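Architecture at a glance
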Amino acid sequence: LDRMKKGGRAGKPIQLGQTGDTGYNDPSNAGQGPRTEVLAIESVAMGSDAFARFAGLLLELMSDEVDSTLVNDYVLLGKEWAPVAQSCGLSEAAARKRMSRMRLRLLEAICARIAPDLEQSTQEIARRMLIERQKPSTMAAELELPVSQIEHEISDQVVPALVKHNGKASLEAIWRLVGKLK
């Protein structure tokens with residue numbers, strides 16, 4: 001699984017306010033530049049229409065500006081918790097808790113998006129990996145399949161479906177959202 005994660009990694013996302021960034025329009029403020037992140041403008045700059053649709057899907061599921069900022073900054077931009085919490089006006093613990101409550105809804109939407117491209121048995125593997133956060137060895141034991149078959153289906157069917165529907169740049173964000181497998 002780690003091999004698959006590394007293979008799908010895109011570069012670090014660009015952020016407004018870096019040297020040479022034309023979007024940075026406030027030299028008196030050395031922060032991250034204008035607050036356009038909630039609209040996920042960086043997603044378009046990062047690479048693909050598929051990633052922009054992925055960002056739109058996640059942000060569409062959010063109920064308010066704070067949730068949108070959490071998803072954008074933590075999931076899409078890959079920022080650490082301290083600056084994410086600060087940009088939301090929350091404590092780090094409150095930001096983590098809020099993201100924890102949103103995680104299932106976001107992962108279910110990602111899984112539903114790729115399901116039509118997968119066979120029924122592979123849909124179950126995708127669901128177990130993305131939603132239940134199971135390791136291939138755990139899935140293999142419960143489904144009574146060899147670990148190699150599970151890994152093969154993940155790398156040959158699930159990951160390509162994720163890339164097709166969400167763009168290659170989405171893989172890092174998806175793995176960040178999934179978190180540690182059990």
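Structure first, text after, so check above.
First, a word on what this report is: a plain description of the structure on this page. Residue indices follow the written sequence of each chain, beginning from 1 at its first position. A pLDDT threshold of at least 70 governs which residues receive local features in this predicted model, and a stricter bar of 80 or more applies before side-chain atom pairs are shown or counted, although totals over entire chains, interfaces and linings include all residues. Only hydrogens and water are set aside; all other atoms, that is, all heavy atoms of the structure, feed into the side-chain values.

**Some words on unusual backbone geometry**
Even without glycine at this site, Arg133 takes up a positive phi of about 60°. Counting from the N terminus, the helices are the DSSP runs of H or I reaching at least four residues and the strands are the DSSP runs of E reaching at least two. Summarising the element assignment, Arg133 is placed in the loop between helix H7 (120–130) and helix H8 (136–143). The backbone phi angle of Glu144 is positive, close to 55°, even though this residue is not glycine. With respect to the secondary-structure elements, Glu144 resides in the loop between H8 and helix H9 (147–166).

**What to know about the packing of H9 against helix H10 (residues 170–178)**
For helices, the fitted line uses only the C-alpha atoms of the stretch in contact; every axis is such a line through C-alpha atoms, and the angle between N-to-C directions lies from 0 to 180 degrees. The N-to-C vectors of H9 and H10 enclose an angle of 115°; their axes lie 9 Å apart at closest approach. Regarding H9 and H10, the two cross each other, and that crossing is right-handed. When H9 is examined against H10, the residues Val159, Leu162, Val163 and Asn166 are found in contact with a partner set consisting of Ser170, Leu171, Ile174 and Trp175. Residues that form the contact of H9 with H10 fall into these classes: 6 nonpolar, 2 polar and no charged. Crossing chirality is assigned from the near helix's rotation relative to the far helix, an anticlockwise turn below a right angle marking it left-handed and a clockwise turn marking it right-handed. Should any heavy atoms of two residues lie within 4.5 Å, those residues are counted as being in contact. Amino acids are sorted into nonpolar (Ala, Val, Leu, Ile, Met, Phe, Trp, Tyr, Cys and Pro), charged (Asp, Glu, Lys and Arg) and polar (every other residue, Gly among them).

**Some details on the packing of aromatic side chains**
Here is the rule: rings of Phe, Tyr and Trp (six-membered ring for Trp) pair when centre to centre is within 6.5 Å. Planes less than 30 degrees apart are stacked, more than 60 are edge-to-face, and the remainder are tilted. Enumeration according to the criterion identifies 2 aromatic pairs in this entry. On the numbers, 5.6 Å between centres and 50° between planes, the contact of Phe51 with Phe54 is tilted. With a gap of 3 residues between them, Phe51 and Phe54 both fall in helix H3 (residues 49–60), about one helical turn apart. One exposure class covers both Phe51 and Phe54, and it is buried. Judged by centre distance (4.0 Å) and plane angle (20°), the rings of Tyr74 and Trp81 are stacked. Any residue under 20% of the maximum accessible area for its type is buried, any over 50% is exposed, and the rest in between are partly exposed; the area is computed with a 1.4 Å probe on protein chains only.

**A few points about the environment of Cys111**
Following the sequence through the fold, Cys111 ends up in helix H6 (residues 92–114). By relative accessible area, which is 10% here, Cys111 ends up buried. Along the primary structure Cys111 and Arg128 are separated by 17 residues, whereas in three dimensions their C-alpha atoms are 9.9 Å apart. Each residue touching Cys111, except ones within four places of it in the same chain, is listed here: Ala126, Arg127, Leu130 and Ile131.

**Thoughts on H7**
Inspection of H7 places Thr122, Ile125, Ala126, Arg128, Met129 and Leu130 among the buried residues, and these make up the whole buried set. Looking at the packing, one finds that the buried side of H7 touches H6, H8, H9 and H10.

**Quick notes on the nonpolar core**
Judged by nonpolar contacts, the single largest core of 44 residues is most densely connected at Val71, Met99, Ile110, Leu130 and Leu162. Those elements giving two or more residues to this core turn out to be H3, helix H4 (65–76), helix H5 (81–88), H6, H7, H8, H9 and H10. By residue number, the principal contributor to this core is H6, which donates 8 residues. Excluding residues within four positions of it along the chain, Met99 makes contact with Leu70, Val71, Tyr74, Val75, Trp81 and Leu177. Each nonpolar core is a collection of buried residues, namely Ala, Val, Leu, Ile, Met, Phe, Trp, Tyr and Cys, held together in the definition by side-chain atoms within 4.5 Å.

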